[in-house]
Amino acid sequence: MPIALLRVVAADQKRGLKDAIREAQSFVRGRSFWKETEAAEWGLPLPEDVVYSIIDTYFSRDIETLKSLSLSCKALALYCQITLLRVITVSTVRYERKRSPFKRFASVIEEDARVLELAQELKLLDKHFVVLPGDGPKHMTKSQVALQTILKQPWKSLRRLHLSMQGDWEKIPKPLQRAIIQALKLPSLREVALSGVEVPLHLIGHCQGLETLEVRGDAKVSIRQSTRSKMFTIAPRHLTLQRTDPAHLKQLFSEPSSLRSHNLASLTFGAQRSMVQDVIQALPPMTLRSISSLTILLTHPISDQGPCLLSLKGFSRLDSIGISEELFGKNPAALDWVFQILSSLRPSTRLRRIELSFRYDDMQHIFDCDWTQIDKLFQRRWPRLEELRVVGYARYPLEMDWYRIHNFGKRLSAKLPSLRRGVLQTAVKNAYDLWK
């Protein structure tokens, strides 16, 4: 209270200034707002889902920013930990230290249980033959022991397991085999990706909730089965076979195999151009009728450029198709195969989404292709197409071609004038991301 006002109060009550000050102080001390109160808890200025979406979109791979957010705001600490530990990759390096990445990661998860609770995707990549081949199926190396320790942990939220090892299943030591089977039995596991290793198909059946099975690179799934082993069947909704041929595919869907196709909705496979039709004919008729999404990766040697008969009329429920093409150089007729594949669909097929991806050495090769017949086909068959996604996979660092990448969508839309606004979506990635 100002001194002048206290003088007025003291004059009105005929008291001295000191008495008025003492009375004002006792009055203020008795008020509730003078008492010490608990500090107000700070809350997020935006709804939680909006803040989390911003972190997912812009900072999911920015470790330093996630660390700063965790230290500056307790409300964001838990979600930053979830974002940071959602996908874990343990990969070998060319020149190993005394302790391999598998050993170091095994010691981390034994000390901190949060990793086991928050991890949703685990990638164990043996790129330099550290795990296999080892000393034989009867002796465990230190890296194999560490990998066994990782796989035997009780992962609480793990939905996807990517296992990359170079070798045959029979060469894996028995304790490590049991650890892999134990990991496949995790109740939360829904997706399994294999690279390099050959695994009996019936063992993957231990994953009872399997929705996605991916066989990449040199990996194989065989149908050999021991008479002692129990028969487990699998019916994934999404199947990826990076390299396949008609004989192998027919074997996978044969009667002795544990793979069932009645639930299959999405199929991705890579094959030479001359084998594409044979691969499709190797599929059971029921599978053709159930697939709604098909992706074809066209691989071919230089001499395999000639056209061949192709028909996709057996796919009666197809609403999404993806075609991947290689552009070795300037070739205006490079889209002839894409046109032939799309033209072979049933006239009644109502495609909602088409994705065209190109692996190129020079982005100009994409624009040099003849897009006229593709544009006319879209206008005639699918005038209400919801999305056309064109992705370029560059074999060089993207920074070397930043100008043309920035104008990729603008230049390509001029090649496809019949498309409605917003239908065309473009992206440019590195070539190693194609099967990521």
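Residues numbered from 1 in each chain as written. Predicted model: local features only at pLDDT ≥ 70, side-chain atom pairs only at ≥ 80, totals over all residues. Heavy atoms only, no water.

Explain the nonpolar core to me, please; I cannot follow it from the model alone.
Generally speaking, soluble globular proteins have nonpolar side chains that are buried together. Core analysis: the biggest nonpolar cluster contains 107 residues, and Trp155, Phe269, Leu342, Ile354, Trp371 and Leu388 have the highest contact counts within it. At six residues, helix H9 (residues 174-184) tops the list of elements feeding residues into this core. With residues near it in sequence (within four places) discarded, Ile354 still touches Ile321, Leu342, Phe378, Trp382, Leu385, Glu387, Leu388 and Arg389. The next biggest cluster of nonpolar side chains, apart from the first, holds eight residues, and it includes Val51, Tyr52, Leu66 and Leu76. (Core = buried A, V, L, I, M, F, W, Y, C linked by side-chain atoms within 4.5 Å. Buried < 20%, exposed > 50% of the residue type's maximum accessible area, 1.4 Å probe, protein only. Helix = DSSP H or I, 4+ residues; strand = E, 2+ residues; numbered from the N terminus. Contact = heavy atoms within 4.5 Å.)

When you look at the pattern of salt bridges in this model, what are you seeing that I'm missing?
Any two side chains of opposite charge can pair, given that their charged atoms come close. The final tally for this structure, using the stated rule, is 13 salt bridges. Among the ionic pairs, Arg352 bridges to Glu386, the shortest N-O distance being 3.6 Å. Of this pair, Arg352 sits in the loop between helix H14 (336-343) and strand E11 (353-360) while Glu386 sits in the loop between helix H16 (372-381) and strand E12 (387-394), and the two are 34 residues apart along the sequence. Arg352 gets classed as partly exposed once you look at its relative accessible area, which sits at 40%. Residues joined by salt bridges that share partners form a network here, namely Glu121, Lys123, Arg160, Glu191, Glu214 and Arg216. (Salt bridge = Lys/Arg side-chain N within 4 Å of Asp/Glu carboxyl O.)

I would appreciate a short explanation of H9 in the present structure.
Turn by turn, an α-helix covers 3.6 residues, leaving residues three or four places apart pointing in a common direction. Within H9, burial applies to Leu176, Gln177, Ala179, Ile180, Ile181, Ala183 and Leu184. Each element contacted by the buried residues of H9 is listed here: helix H8 (142-151), strand E3 (160-168), strand E4 (191-200) and helix H10 (201-204).

What exactly am I supposed to notice about helix H6 (residues 101-111) here?
Every buried residue of H6 is listed here: Pro101, Phe102, Lys103, Phe105, Ala106 and Ile109. Structurally, H6 contributes buried residues whose contacts are with strand E1 (87-91), helix H7 (114-118), strand E2 (121-125) and H8.

Even after reading the chapter, I still don't get empty space enclosed by the protein, so can you show me in this structure?
In this approach a probe as big as a water molecule rolls over the atoms, and the regions it shows empty are the leftover space. This model, assessed by the stated rule, comprises one cavity of 30 Å³ or more. The volume enclosed by the largest cavity comes to roughly 90 Å³. Leu161, Leu163, Trp169, Ile180, Ile181, Leu184, Val192, Leu194, Val199, Leu203 and Ile204 together form the lining of the largest cavity. At the level of secondary structure, the elements contributing two or more residues to the lining of the largest cavity comprise E3, H9, E4 and H10. (1 Å grid on protein atoms, 1.4 Å probe; cavity = no way out; pocket = protein on both sides within 12 Å on 5 of 7 lines; lining within 4 Å. Points joined across faces, edges and corners; volume = space filled by probe spheres on them.)

How should I be thinking about a nonpolar patch on the surface in this particular structure?
Residues Leu46, Val50, Ile54 and Tyr58 make up a contiguous nonpolar surface patch of roughly 380 Å² in combined accessible area. For Leu46, the position within the fold is in the loop between helix H2 (17-30) and helix H3 (48-58). (Patch = residues over 30% accessible without salt bridge, like charges linked within 9 Å, V, L, I, M, F, W, Y side chains within 5 Å. Areas by Shrake-Rupley, 256 points an atom, 1.4 Å probe, with all protein chains shown as cover.)

Teacher, can you tell me more about the confidence of the model for the chain here?
Fine structural detail should not be taken from predicted coordinates in areas where pLDDT scores are low. Per-residue pLDDT for the chain averages 81, and the proportion of residues at 70 or more is 80%. Note that pLDDT drops below 50 for residues 31-39; the model gives that stretch two contacts with residues more than four away or on any other chain. (pLDDT = per-residue confidence, 0-100.)

Looking at this model, I keep getting lost on the environment of Thr65. Mind explaining?
Topologically, Thr65 is positioned in helix H4 (residues 63-72). The spacing of Thr65 and Ile55 is 10 residues in sequence and 9.5 Å in space, taken between C-alpha atoms.

How should the pairing of E12 be read in this particular structure?
A regular strand places its side chains on the two faces of the sheet in alternate fashion. Burial analysis of E12 places six of its eight residues in the buried class, which makes it a mostly covered element. Pairing between E11 and E12: eight bridges, direction parallel. The residue bridging Tyr360 from the neighbouring strand is Ala394, located in E12. As paired strands, E12 and strand E13 (residues 424-430) are joined by seven bridges and run parallel to one another. Counted as the bridge partner of Val390 is Thr426 from E13. (Pairing = 2+ DSSP bridges.)

Is there a simple way to think about the side chain of Glu326 in this case?
Assignment of secondary structure puts Glu326 in strand E10 (residues 320-327). Classification of Glu326 as buried rests on a relative accessible area of 18%. Among the polar contacts made by the side chain of Glu326, one reaches the side chain of Arg359 at a distance of 3.0 Å. (Polar contact = N/O pair within 3.5 Å; in protein donor to acceptor, adjacent residues only side chain to side chain.)

How should the packing of aromatic side chains be read in this particular structure?
What characterises a pair of aromatic rings is the spacing of the ring centres plus the angle enclosed by the ring planes. What the rule picks out here adds up to four aromatic pairs. Taking 3.8 Å as the distance between ring centres and 10° as the angle between the ring planes, the aromatic pair formed by Tyr52 and Tyr79 counts as stacked. Of this pair, Tyr52 sits in helix H3 while Tyr79 sits in helix H5 (residues 74-85); the two residues are 27 residues apart in sequence, bridging distant segments of the chain. For the pair Tyr52 and Tyr79, a shared accessibility class is recorded, and that class is buried. Measuring from centroid to centroid gives 6.4 Å for Phe105 and Trp155, while their planes differ by 10°, and the two rings are stacked. With Phe105 in helix H6 and Trp155 in the loop between H8 and E3, this residue pair connects regions lying 50 residues apart in the sequence. The side chain of Arg411 reaches across the aromatic face of Phe367, ending 3.9 Å from its centre. (Phe/Tyr/Trp six-rings, centres within 6.5 Å; stacked < 30°, edge-to-face > 60°. Lys NZ or Arg CZ within 6 Å of the ring centre and 35° of its normal.)

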